[in-house]
Amino acid sequence: MTSSHTDCHFCLQSLHGRKYALRDENAYCVPCYDSLYANPCEECKQPIECSSKDLAYKGRHWHEGCFRCAKCSRSLVEKPFAAKDEVLLCTECYSDEYSSKCFHCQKTIMPGSRKMEFKGSSWHESCFVCQYCQQPLGTKPLITKDNENYCVPCFEKQFAHHCYACKKVITSGGVAYHDQPWHKECFVCAVCNTQLSGQRFISKDEYPYCVDCFSKFHAKKCAACKKPIAALGGAKYISFEERQWHGECFTCVKCSVSLVGREFLTRQDDILCHKCGSA
């Protein structure tokens, strides 16, 4: 440019009729300005003179003709580009070298595109959807099954077990009883509602009972002592003509000898050993 400034601020030579550049309100002849202030080009290392266009990116400078893709050498002027380890690349070369592949469609996720990451894999935002309802998952809670992602409502609808008692979804744990799933807190004695998970219980008519309630309401009664005969595996009892006895109660009504494994006789409701019955 030309102006009324008279002398170069650095070399003090007259600027009359010459081009000059201003910096901090001081005028410099072009040679002085370039030697003092021109930025070195990242590509060719030559100064970018004030008569040339200076393209800057993150504190670095290029001549317009030097601002090119480091791989294919195409100009990046007014074009999208990406940087990797301080090297500039056009979007096509960057994608070929560094961009992730979408786990769903296997196409490149272009720089600048929004991508979703989950369990070490990447998706296009439009590909990261529920396998069942096809609605975008975004940052919503999700559940993965067989490498497919589902929103929680769809997963529960398709795969989750529902408690036999309360009909609600079992999200963790649970108890299996008669081939049906139960919440632990729902698996209770049919009489007293005591939780039976991890406890001994007895089944009758498809209902579970704690030992105490079963003994009280459903266990067989000993014909001798009239007390319940526990139905657990360790309990031994004797059965005869629709009557039952504890093993230790099955004795001769007269001499009290044990009749377990021995011959016995009956007289009305009494049980007698062979000796007492024959007397």
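This structure is a prediction, so every number in the text was calculated from the model and none was measured.

1. What to know about the overall build of the protein
Alright, step 1. Of regular secondary structure, the protein possesses 5 helices and 20 strands.
Alright, step 2. Expected size for 279 residues packed as a compact globule is a radius of gyration near 19 Å; at 46 Å, the protein overshoots this value by more than 25%.
Alright, step 3. Dimensions of the protein, computed from C-alpha atoms along their principal axes, come out at roughly 155 × 35 × 30 Å.
Alright, step 4. In the protein, buried positions account for 32% of the 279 residues.
Alright, step 5. For the protein, contacts bridging at least 24 residues in sequence account for 11% of all contacts bridging at least 6.
Alright, step 6. For the protein, the exposed area adds up to about 18,700 Å²; of that, 47% sits on carbon and sulfur atoms.

2. Here's the deal with the pattern of salt bridges
Alright, step 1. Summed over the entire model, instances satisfying the criterion amount to 5 salt bridges.
Alright, step 2. Residue E42 pairs with R60 through a salt bridge whose shortest N-O separation is 3.9 Å. On the criterion of sequence distance, the pair formed by E42 in the loop between α1 (30-37) and β3 (54-57) and R60 in strand β4 (residues 60-63) is long-range, its members being 18 residues apart.
Alright, step 3. Taking relative accessible area as the criterion, E42 reaches 32% and is therefore assigned partly exposed.
Alright, step 4. Accessibility expressed as a relative area gives 15% for R60, which makes it buried.

3. Some thoughts on the domain arrangement of the protein
Alright, step 1. One can read the domain layout of the protein as domain 1 (160-217) and domain 2 (219-278).
Alright, step 2. The distance between the C-alpha centroids of domain 1 and domain 2 comes to 34 Å.

4. Remarks on α1
Alright, step 1. Looking at α1, one finds that the buried residues are C32, Y33 and D34.
Alright, step 2. Residues of α1 that are buried make contact with β1 (20-23) and β2 (26-29).

5. Notes on the pairing of strand β18 (residues 243-246)
Alright, step 1. Sheet topology places strand β17 (residues 237-240) next to β18; 4 bridges connect them, and they run antiparallel. Paired with F240 across the strands is R243, a residue of β18.

6. Notes on the state of the cysteines
Alright, step 1. Summed over the entire model, instances satisfying the criterion amount to 0 disulfides.
Alright, step 2. Unpaired in terms of disulfides, C189 finds its nearest cysteine sulfur in C210, a separation of 3.7 Å.
Alright, step 3. You can call C189 buried: its relative accessible area is 1%.
Alright, step 4. Summary of cysteine pairing: C273 is not part of a disulfide, and the nearest cysteine sulfur, belonging to C276, is at 3.5 Å.
Alright, step 5. On the basis of relative accessible area, C273 is assigned to the buried category, the value being 6%.

So, how was this worked out
Residues numbered from 1 in each chain as written. Predicted model: local features only at pLDDT ≥ 70, side-chain atom pairs only at ≥ 80, totals over all residues. Heavy atoms only, no water. Helix = DSSP H or I, 4+ residues; strand = E, 2+ residues; numbered from the N terminus. Rg over C-alpha atoms; globule rule 2.2 N^0.38 Å. Buried < 20%, exposed > 50% of the residue type's maximum accessible area, 1.4 Å probe, protein only. Contact = heavy atoms within 4.5 Å. Areas by Shrake-Rupley, 256 points an atom, 1.4 Å probe, with all protein chains shown as cover. Salt bridge = Lys/Arg side-chain N within 4 Å of Asp/Glu carboxyl O. Domains from an automatic or database assignment. Pairing = 2+ DSSP bridges. Disulfide = S-S within 2.5 Å.

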